[in-house]
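# Notes for the structure review
Read off the chains here:
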Amino acid sequence: MARYLGGKLFNIIISLLVLATATFFLMKAVPGDPFTQEKAIPPEIKANIMAHYGLDKPLGTQYLVYMKNLFQLDLGESMKSQNRSVTTIIKESFATSAKVGAIAIIVSVIVGIYLGMMAALRHKKLIDNAAMFIAVIGISIPNFVIGALLQYFLGVKFPIFTVQGLEGPLDYVLPTIALSTLPIAFIARLTRSTMLEVLTSDYIRTAKAKGLSPHAILWQHGLRNGILPVVTYLGPMTANIITGSVVVERIFGLPGLGGHFVESISNRDYTLIMGITIFYAVILMAARFITDIVYIFVDPRIKVSGGVVKK
Amino acid sequence: MSTQLKDVVTSEQAANSPFAKLPQRHTESEIITAESRSTFQESWAKLRKNKYAMSGLYVLIAIIVLAIVCPMISPYNSYTNDLDNTYLAPNSDHWFGTDNLGRDLFVRTWLGVRISLIVGFTAALIDLMIGVVYGGIMGFSGKRLGGVMNKFAEILYAIPYLLVVILLGVVMGNGLTTIIIALSITGWITMSWIVRGQILQLKNQEYVLAAQSMGASGSRILFRHLIPNTLGPIIVTVTLSVPSAIFAEAFLSFLGLGVQTPAASLGTLISEAVSVFTLYPWVMLIPASLLSITMLAFNIFGDALQDAFDPKMKK
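Chain B carries the name ABC transporter permease in an unreviewed UniProt entry, which gives Paenibacillus montanisoli as its organism. Check the Subcellular location (unreviewed entry) section of the UniProt entry for chain B; it says "Cell membrane". Quoted verbatim from the Sequence similarities (unreviewed entry) field of the UniProt record, the comment on chain B reads "Belongs to the binding-protein-dependent transport system permease family."

Named according to an unreviewed UniProt entry, chain A is ABC transporter permease originating from Paenibacillus montanisoli. The heading Sequence similarities (unreviewed entry) in the UniProt record of chain A holds the text "Belongs to the binding-protein-dependent transport system permease family."

## Here's the deal with helix α12 (residues 266-274) of chain B
Within α12(B), 7 of the 9 residues are buried, which leaves the element mostly enclosed by the surrounding structure. Listed as buried for α12(B) are B:L266, B:G267, B:T268, B:L269, B:I270, B:S271 and B:A273. Its buried side turned inward, α12(B) meets α6 (143-157) and α10 (228-252) of chain A together with α5 (105-140), α11 (231-254) and α13 (281-309) of chain B.

## Here's the deal with the interface of chain A and chain B
Contacts between the two partners involve 45 residues from chain A, matched on the other side by 38 residues from chain B. Linking chain A with chain B are 1 salt bridge, by the criterion used here. Its salt-bridge partner being B:D303, residue A:R189 comes within 2.8 Å of it at the nearest N-O pair. The tally of links between chain A and chain B comes to 5 residue pairs in polar contact (both at pLDDT 80 or more).

## Quick word on the confidence of the model for chain B
With 90% of its residues at a pLDDT of at least 70, chain B reaches an overall mean of 82. Among the prediction metrics, the complex's ipTM stands at 0.77, with pTM recorded as 0.80.

## Regarding the UniProt feature "transmembrane region" (unreviewed entry) in chain A
All names here are of chain A. According to UniProt, the "transmembrane region" (unreviewed entry) feature falls on residues 9-27, 100-121, 133-152, 172-191, 230-252 and 272-298. Along residues 133-152 one finds 90% helix and 0% strand; the C-alpha atoms at either end are 24 Å apart. The distance from the first to the last C-alpha atom of residues 230-252 is 29 Å, and the span holds 100% helix and 0% strand.

## Observations concerning the UniProt feature "transmembrane region" (unreviewed entry) in chain B
Residues and elements named next belong to chain B. Under the local residue numbering, the UniProt record ascribes the feature "transmembrane region" (unreviewed entry) to residues 56-74, 115-140, 152-170, 176-195, 234-259 and 279-305. Overall, residues 115-140 shows 100% helix and 0% strand. The separation of its end C-alpha atoms is 37 Å. Across residues 279-305, the secondary structure splits into 93% helix and 0% strand, with the terminal C-alpha atoms separated by 41 Å.

## Some details on the packing of helix α9 (residues 206-213) of chain B against helix α10 (residues 218-229) of chain B
Residues and elements named next belong to chain B. With their axes 11 Å apart at the nearest point, α9 and α10 run at an angle of 165 degrees to one another. Taken together, the axes of α9 and α10 are roughly antiparallel relative to one another. Crossing handedness for the pair α9 and α10: right-handed. From α9, Y207, V208, A211 and Q212 reach across to α10, where they touch I221, H225, L226 and N229. Among the residues forming the contact of α9 with α10, the class breakdown is 5 nonpolar, 3 polar and no charged.

## Comments concerning the UniProt feature "domain: ABC transmembrane type-1" (unreviewed entry) in chain A
In this structure's numbering, the residues bearing the UniProt feature "domain: ABC transmembrane type-1" (unreviewed entry) are residues 94-295 of chain A. Here residues 94-295 of chain A is 83% helix and 0% strand, with 27 Å between the C-alpha atoms at its ends.

## Observations regarding the nonpolar core
As a rule of thumb, soluble globular proteins bury nonpolar side chains together. Core analysis: the largest hydrophobic core is formed by 114 residues, its most contacted members being A:F144 and A:F261. Counting residues per element, this core draws most heavily on α10(A), which supplies 11 residues. The contact partners of A:F261, leaving out residues within four places of it in the chain, are A:V246, A:I273, A:I276, A:T277, A:Y280, B:L163 and B:I166. The next biggest cluster of nonpolar side chains, apart from the first, holds 12 residues, and it includes B:M191, B:V195, B:L202 and B:I221.

## Side note on a nonpolar patch on the surface
Residues and elements named next belong to chain B. Among the surface-exposed residues, Y58, I61, V65, I68, V69, M72 and I73 lie close enough to one another that they form a single nonpolar patch of about 700 Å² accessible area. Within the element layout of this structure, V69 appears in helix α4 (residues 51-73). A residue is classified by how much of its surface remains accessible, and V69, at 34% relative accessible area, is partly exposed.

Thresholds, definitions, all that
- Residues numbered from 1 in each chain as written.
- Chains lettered and ligands numbered in written order.
- Predicted model: local features only at pLDDT ≥ 70, side-chain atom pairs only at ≥ 80, totals over all residues.
- Heavy atoms only, no water.
- UniProt positions renumbered as here; feature names shortened; annotations may be inferred.
- Buried < 20%, exposed > 50% of the residue type's maximum accessible area, 1.4 Å probe, protein only.
- Helix = DSSP H or I, 4+ residues; strand = E, 2+ residues; numbered from the N terminus.
- Contact = heavy atoms within 4.5 Å.
- Salt bridge = Lys/Arg side-chain N within 4 Å of Asp/Glu carboxyl O.
- Polar contact = N/O pair within 3.5 Å; in protein donor to acceptor, adjacent residues only side chain to side chain.
- pLDDT = per-residue confidence, 0-100.
- Axes fitted to C-alpha atoms, helices over the stretch in contact; angles between N-to-C directions.
- Parallel < 35°, antiparallel > 145°, perpendicular 65-115°, else oblique.
- Left-handed = near helix turned anticlockwise from the far one by under 90°.
- Nonpolar A, V, L, I, M, F, W, Y, C, P; charged D, E, K, R; others polar.
- Core = buried A, V, L, I, M, F, W, Y, C linked by side-chain atoms within 4.5 Å.
- Patch = residues over 30% accessible without salt bridge, like charges linked within 9 Å, V, L, I, M, F, W, Y side chains within 5 Å.
- Areas by Shrake-Rupley, 256 points an atom, 1.4 Å probe, with all protein chains shown as cover.

Structure (C-alpha cells):
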C-alpha cells in the first residue's frame, strides 16, 4: 500500500514541477513585459519596477528564485493590485469558492447516487428513462448557460433568489445548482451502469437467499460496490467544479477565487495567473490523491486481501 | 476384455431402442444458415433500430447543413453595423433579431455554430491521429518503452487541460488556432489510453501470432491488424470528444479567451449577451439553445454508438 501511494505521490510531484516550469517559461515567452501596455514609462522608473519584481536578472536566476519561493509557498506579488501578495489574494477569496464548491460536491454526490440507484432499480421503466434523459441534458447544457437561465427565471422573472452576491444562505442555491448539474448527471450515469451490473451479480442473489431485507441488500451490499466508479470520478469532479466555479462566480458576482482568475487573465497579471494556476493544480492533485486513498478503503475486494493493493 | 464386451452389448441395445442415435451428417451440420455480418454491419443495424439515436443523428445532420447554408442565403453579413436597429427582437427581416451594434444575429449565430463545429471536428481529428498512433505504440511495444510512454501521458494528463488552454491563450493570443492547439495538447491522452487497453487485450490473439509467423513487421501488425480491430471504441471516443471540444471552446470564448470580434463563436455570442440578458433574453437564449442542442445531439448519438459497439449489450 505504501508503495502504491508512494508511486502516486511521485507522479503528482513530477506533474506539479512540470506545470510550474511550463507556467514560468510560458509567461516569460509572452512578447513584452507586464508593463508594456501602460503609457510610456520613463526608463529609470521602468528599470526600478523591473528590479522590484526581479525581472532584470537572467532567466535562469529568475527561474531558480521562482522555484525556491514556490517551495516556501511564496507566490510573489500581484503586478496589478498594489502591494498585495498572490498568497493573500488566494487566502482571502478561496474561502468563498471552497464553501460553494464543497456544497456543490456534497449535493452532486447525494443527488447523483440517488438518481442513479433509482434508475437502476426501475431499469427500462419510466423513471429510468426520465432520469437518463435528464442526465444527458445535464451533460449537454454548459454550466454558464444553466447559471444565466437560473438567474433570469428565478432571479428576475420570479424573484425568489437574489441575482448577485452571497449574503444569506439562500444565495447559495442558484450557484450550487449551476455548479452541480454536470457532476450530478455524470454520477447518476456511472451509478446506474454499475448498479445494473451489481444487481444481477451472484452475491446479491446470495444476500437475497439469506433473507436480507431489500433495503439492506440495496444500501449495504449494492451501494458499496456501485459507489466505486463514483469514487474514481471524485478527481475529475473537482476539476469540473473548479473550472465551473470560474464562470459561475462571474455570472453570480461571487467574491471567490474564480473571479480573480478571470480578472487576472484579462489584466494580464502574470504573477497572479501563475499563482492561481499552480494553486488550482495543487488542489486537483490533492483531490486525486485523496481519491486513491479513499478507493483503498471503499473497495471491499482490496480489504479482503489483507490490505495489500494489487495494482 | 470385459469392458470391451460390455460396450458391444450396449451399442447393440442402443441400435434396437427407440432412442437410437441417428447417423450424423457432418456436411449439413457445418452449414452456416445465418447471413454473415461483420461487427460493423451488426452495430449499424442495431443503431438504425434505435430511434432515439437516429433522431440525434438527424438533428446533427440538420445542424451541419444549416450551419453551411444559412449564412450563404441570408442577405445580411456578420459584421455590418446598423446602429439604428440595435437589439431588435426576432422579426421577419432579422429572424434571430440584432445585437448591440445592429448586426444580424441569424447570420452571426449560424456562423458561430460553424466555428463551434470546426473546432469540435478538428480537435477530435487531431486527438484521433495522435491518440491512435501513440496509444498503439504504447500498447504494442514492450514493457519498458510502453511504461515510459504511459508515465509521460500520465504526467501530462494530471495537468488540468483548461489551465493549459488558458495559459496558452494568454501566451499565443486568442483565436481559433490557439484554441485548437491548446485543446489538442492534452486531448489525445484519453484516446491513447483506450487504444492501449484494446491493443494490450488483442496482441496475444492467434491472428497476431499467425501474422508474425508469416513474417509481417511490427508496424504492419499494429496498423493493419490490431488497430482496425479497435475501431469501435475509437469511433465512440471521437464522437464523444467532439462535444467536449465544443464545450471547451464555448467556455474559453465565454471567458473572453476565444474567438475575437467581429468573428463570433457561440461562446462569444453568449458571453456578449450575458450583460443584457435580463432586457433582451433572446440574444442569449438562441445561441445558448443551439449550443446545447448540438452538444445534446452528439452526446445522444455517441451514447448509442457505445451501446451498439458494446459486445456485452448484444441480444
